[in-house]
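Below are the chains, spelled out letter by letter.
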Amino acid sequence: MKKLYLFILFAYSLPAIAQVNPYKDAVAKKADALLSKTIAWRRDFHEHPELGNREVRTAGIIAKHLQSLGIEVQTGVANTGVVGILKGGKPGPVVALRADMDALPVTERTAVPFASKIKTMYNGAEVGVMHACGHDSHMAILMTVAEILSSMKSELHGTVKFIFQPAEEGLPAGEKGGAEEMVKQGVMENPHVDAVFGLHIQSYQPAGTISYRPGPDMAAVNPMKIVVKGRSAHGAYPWSSVDPIVVSAQIINSLQTIVSRNLQITRNGAVVTIGAINGGNRSNIIPETVTMLGTVRTLNDDDEKMIIERVKTIVTKTAEAAGATAEVTIPYEHHYPITYNDPALVARMLPTLQATAGADNVILRNAETGAEDFSFYEQKAPGIFIHLGGLPKGGDPVTAPAHHTPDFFIDESGFSLGVKALCNLTLDYMAGAKK
């Protein structure tokens, strides 16, 4: 998952009737009994992380486990992805469950005995590798779900598709992968998926809780590249130049007015960020070119279109006013749509989450400007992306180690709740949508 932002969570409930799930108690007992196994898988993945499109060892462990359960397995999907198909003993819908597999180029700093010591090359530089966003947890949880549901195969009303996806965190330049590539290669078809569920563990959300949001949950992402071209000169004679550094500074300041002056902030949030600026190599030389990289995050399709157009206008016209030129590439490298949880499906499945975790432990979250490529699956079928608590009891959500950082830490006691939630969402959806 891309950079996370902390939002206040609050209790929420909807009047609805849960599907009758005669297997709820059995699922709970199995999930609790398998917790030590779930944790062992997670710790193994954590100690041996692999970057996107390089999850070879990881994929091998997953595929072997699924095969041992009698599940039909496809490997090499979107490079290193693994897909398992469990056909139930009774007719019914197809439910997809997804976990991401890749780690991040982060050097771990935690003191856990299973801390990663792995180093590898990324974009031409040696980096540490760490599961600093919880994907190790997601895989271990879904492997446990597969074990439980496969033990109930004869009673399943439908088919379960287990999607273990590589490269959620992005890729080096020039590579393809992630959910978008999985979808292009047909993971949501053959058989066609009727509903898709996924989860993400959160270091700032208390263990033992589940949070959710109908509609826009996480933002669309549009990375951007801006190249400003001026005229080089000696730093002592700036009047001979068209200074691209000054122009870039004006552009950066003007871009901040989009959210403050063009966005209807009472309706939706958005972010326009410049994260990198590169130009020049000496104190006394005004360079010819400055390159900037940034990101646009939006929670509404109309806002996305508006902001992209405003970015292009501000960048090109600011440069033109100074006698320079500027080119904007947006999206640059990739684009993630809004992670949009189908409101009708959320209303239907909310009682399942409340019955699984307890109504007081299921909370409505605010939308956030972090992003998830789970959104590509939700473009093909109604879906729900839930968030699982991983903050230790008594922990402070404000000071909890953030995702994508060397100190990222997760309380493993909440894993069984994630297992129960995905199992019960599957079983209850099948019970209410028998074909």
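Before any of the text, the structure's been laid out above.
The paragraphs below set out a description of the structure included in this document. Here the residue numbers are simple positions, counted from 1 along each chain's written sequence. Selection of residues for local features in this predicted model requires a pLDDT of at least 70, selection of side-chain atom pairs for listing and counting requires 80 or more, and totals for whole chains, interfaces and linings are taken over all residues. Here the side-chain values reflect all heavy atoms present in the structure, with hydrogen atoms and water set aside.

Considerations on unusual backbone geometry
Backbone torsion omega between N190 and P191 reads 5°, so that peptide bond is classified as cis. The residue P191 is located in the loop between α5 (178-184) and β8 (195-206) in this model. Of the consecutive residues I330 and P331, the connecting peptide bond is found in the cis state with omega at 0°. For helices the rule is a DSSP run of H or I covering at least 4 residues; for strands it is a run of E covering at least 2, with both sets numbered from the N terminus onward. Along the chain, P331 turns up in the loop between β16 (325-329) and β17 (339-341). One non-glycine residue, A78, lies in the positive phi region at around 50°. The residue A78 is located in the loop between β2 (72-77) and β3 (81-87) in this model. When a residue's accessible area, from a 1.4 Å probe over protein chains only, is under 20% of the maximum for its type it is buried; when over 50% it is exposed; and in between it is partly exposed. Residue A78 is classed as buried on the basis of its relative accessible area of 0%.

Points about empty space enclosed by the protein
Only protein atoms enter the 1 Å grid, on which a cavity is a set of points fitting a 1.4 Å probe that cannot get out and a pocket is an open set with protein on both sides within 12 Å along at least 5 of 7 lines, lining residues being those with an atom within 4 Å of a point. Grid points are joined across faces, edges and corners, and a volume is the space filled by probe spheres set on the points. Per the stated rule, a full pass over the model turns up one cavity of 30 Å³ or more. Roughly 40 Å³ of volume is contained in the largest cavity. Every residue along the wall of the largest cavity is listed here: R42, H46, E108, T110, V112, F114, F408, F409 and I410. Each residue is assigned to one of three groups, with Ala, Val, Leu, Ile, Met, Phe, Trp, Tyr, Cys and Pro labelled nonpolar, Asp, Glu, Lys and Arg labelled charged, and all others, Gly among them, labelled polar. Within the lining of the largest cavity, the residues separate by chemical class into five nonpolar, two polar and two charged.

Focus: the packing of helix α2 (residues 35-47) against helix α4 (residues 135-150)
Where α2 contacts α4, the two axes come as close as 8 Å, and the packing angle between them is 145°. In the packing of α2 onto α4, the handedness of the crossing is right-handed. Facing α2, whose interface residues are K37, T38, W41, R42, F45 and H46, α4 presents D136, S137, M139, A140, I141, M143, T144 and E147. Looking at side-chain class alone, the contact of α2 with α4 contains six nonpolar, four polar and four charged residues. Between N-to-C directions, angles span 0 to 180 degrees; the directions come from axes that are lines fitted to C-alpha atoms, helices contributing only their stretch in contact. Crossings are sorted by hand: turned counterclockwise from the far helix by less than a right angle, the near helix makes the crossing left-handed, and turned clockwise it makes it right-handed. Any two residues whose heavy atoms approach within 4.5 Å at even a single point are treated as in contact.

Side note on the pattern of salt bridges
By definition, a salt bridge exists where a carboxyl oxygen of Asp or Glu is found within 4 Å of a side-chain nitrogen of Lys or Arg. Enumeration according to the criterion identifies 17 salt bridges in this entry. Linking R43 and E412 is a salt bridge whose minimum nitrogen-to-oxygen distance equals 2.8 Å. Here E412 lies in the loop between β19 (383-391) and α10 (415-432) and R43 lies in helix α2, a separation of 369 residues in the sequence. Exposure remark for R43: the relative accessible area of 35% places this residue in the partly exposed category. Taking the shortest distance from any N to any O, the salt bridge between K317 and E320 comes out at 3.6 Å. A residue pair is termed a helical-turn pair when its members lie 3 or 4 positions apart in one helix, as K317 and E320 do in helix α7 (residues 301-321) at three residues. Judged by relative accessible area, which is 52%, E320 ranks as exposed. Ionic contacts of the salt-bridge type, sharing partners, join the residues R42, R43, D136 and E412 into one network.

Digging into the pairing of β19
Judged by how many residues are buried, β19 sits mostly within the fold: nine of nine residues are covered. For two strands to pair, DSSP has to find at least two bridges joining them. In terms of strand pairing, β8 meets β19 through eight bridges, oriented parallel. Within the sheet, the bridge partner assigned to V196 lies in β19 and is G383. Here strand β9 (residues 210-212) runs beside β19; their pairing, made up of two bridges, is antiparallel. Within β19, the position partnered with I210 by the bridge is L388.

Comments concerning the side chain of D136
Relative to the helices and strands, D136 resides in helix α4. What makes D136 buried here is its relative accessible area of 0%. A distance of 2.8 Å separates a polar atom in the side chain of D136 from a polar atom in the side chain of H46. Dropping the residues within four chain positions of it, D136 is found in contact with R42, F45, H46 and H131. Pairs of N or O atoms are called polar contacts if they sit within 3.5 Å, as long as, within protein, a hydrogen donor faces a hydrogen acceptor (for residues adjacent in sequence, only side-chain-to-side-chain pairs).

Looking at the nonpolar core
Among buried residues, the Ala, Val, Leu, Ile, Met, Phe, Trp, Tyr and Cys ones that are joined through side-chain atoms within 4.5 Å form a nonpolar core. Ranked by size, the top nonpolar core spans 66 residues in total, and within it L97, V145, L149, F162, F164 and F197 carry the most contacts. Take this core: its biggest share by element is 10 residues, from α10. Aside from chain neighbours lying at most four places away, what touches L97 is L142, V145, L149, V160, K161, F162, I163, F197, L422 and T426. M224, V228, L263 and I308 belong to the second-largest nonpolar core, a separate cluster that totals 25 residues.

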